[in-house]
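# Reading the structure
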Amino acid sequence: MNITMLYSKLHRATVTDANLNYVGSITIDVDLIKAANMRIGQKIDIVNVNNGERFSTYIIPGESGKKEMCLNGAAARKVHKGDKIIVIAYATMTEEEADTYKPKVVILNDDNSIAQEFEGLE
């Protein structure tokens, strides 16, 4: 049997822009993508801490060092610039893998710089 588990997350990211006139997705600084072990094109969930919205999209790369967190297309209607969001990636694992896997958690400052990084939920 396989089970879907938390793979990694960017916690309390600040939305830097919302671009309605774009095809779709979320633009994330490539440095933050790498820090969270995420992938370009990966399906992720977004949780908006400010308004409770929860939705899925996929990652496209933003410029390194720019600390960008821009929601594009229809998702732009679910956030406002300055909102706090959580970007959550999942992975499907066997039960044995899930028993030992430790998700990567990256907590961000208000400017989307990395405040803390760790593995695991305990």
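For every chain, the first residue of the written sequence is number 1, and numbering continues from 1 onward in sequence order. Restriction of local features to residues with pLDDT of at least 70 applies here, the model being predicted, together with a cutoff of 80 or more for giving and counting side-chain atom pairs; totals for whole chains, interfaces and linings are based on all residues. With hydrogens and water stripped out, all remaining heavy atoms of the structure feed into the side-chain values.

Moving on, we come to the UniProt feature "active site" (unreviewed entry) in the chain. UniProt positions are given in the numbering used here, feature names are shortened, and annotations may be inferred rather than shown by experiment. As annotated in UniProt, the feature "active site" (unreviewed entry) corresponds to Ser 25 and Tyr 58 in the numbering used here. For the residues just named, distributed over 34 residues, the greatest C-alpha separation is only 5.0 Å, placing them together at one site. Mapped onto the elements of the fold, Ser 25 is located in strand S3 (residues 25–29). To sort residues, take the accessible area from a 1.4 Å probe on protein chains only and compare it with the maximum for the residue type: under 20% means buried, over 50% means exposed, and anything in between is partly exposed. Its relative accessible area of 2% is what places Ser 25 among the buried residues. The contact criterion used is simple: two residues touch if any of their non-hydrogen atoms lie within 4.5 Å. Beyond its immediate chain neighbours, meaning those up to four positions away, Ser 25 contacts Thr 57, Tyr 58, Ile 60, Cys 70, Leu 71 and Asn 72. Judged by its relative accessible area of 35%, Tyr 58 is partly exposed. In this structure, Tyr 58 is in contact with Gly 24, Ser 25, Ile 26, Gly 41, Gln 42, Lys 43 and Ile 44, ignoring residues within four places of it in sequence. Helix and strand definitions follow DSSP, with helices as H or I runs of at least four residues and strands as E runs of at least two, each counted in order from the N terminus.

Okay, a negative patch on the surface next. Residues enter patches when their relative accessible area tops 30% and they take part in no salt bridge; the joining distance is 9 Å for like charges and 5 Å for the nonpolar side chains Val, Leu, Ile, Met, Phe, Trp and Tyr. Accessible areas in this description were obtained via Shrake-Rupley with a 1.4 Å probe; residue shielding takes into account the shown protein chains only. Basic side-chain nitrogens of Lys or Arg form a salt bridge, by our definition, when they fall within 4 Å of a carboxyl oxygen of Asp or Glu. When charges are counted, Lys and Arg contribute as positive and Asp and Glu as negative, whereas His and the chain ends are disregarded. Charge positions come from single atoms, namely NZ of Lys, CZ of Arg, CG of Asp or CD of Glu. On the surface, a cluster of negative charge is contributed by Glu 95, Glu 96, Glu 97 and Asp 99. Along the chain, the position of Glu 96 falls in helix H2 (residues 95–100). Taking relative accessible area as the criterion, Glu 96 reaches 58% and is therefore assigned exposed.

Okay, the pairing of strand S4 (residues 43–48) next. Across the six residues that make up S4, a large majority, five, are buried. Pairing between two strands is assigned when DSSP locates at least 2 bridges connecting them. By the bridge criterion, five bridges tie S4 to strand S5 (residues 54–62) in an arrangement that is antiparallel. Residue pairing in the sheet places Val 47 in a bridge with Arg 54 of S5. Hairpin connection, S4 to S5: the antiparallel pair is bridged by five residues, and Gly 52 has positive phi, about 85 degrees. Relative to strand S7 (residues 84–94), S4 runs antiparallel, the two sharing four bridges. Paired with Asp 45 across the bridge in S7 is Ile 88.

This part is about the UniProt feature "binding site: substrate" (unreviewed entry) in the chain. The feature "binding site: substrate" (unreviewed entry), as annotated in UniProt, sits at Thr 57, Gly 73, Ala 74 and Ala 75 in this numbering. For this annotated set, covering 19 residues, all C-alpha atoms fall within 10.1 Å of each other, a compact arrangement in space. Mapped onto the secondary structure, Ala 74 falls in the loop between strand S6 (69–72) and S7. Exposure remark for Ala 74: the relative accessible area of 62% places this residue in the exposed category. Position of Ala 75 among the secondary structure elements: in the loop between S6 and S7.

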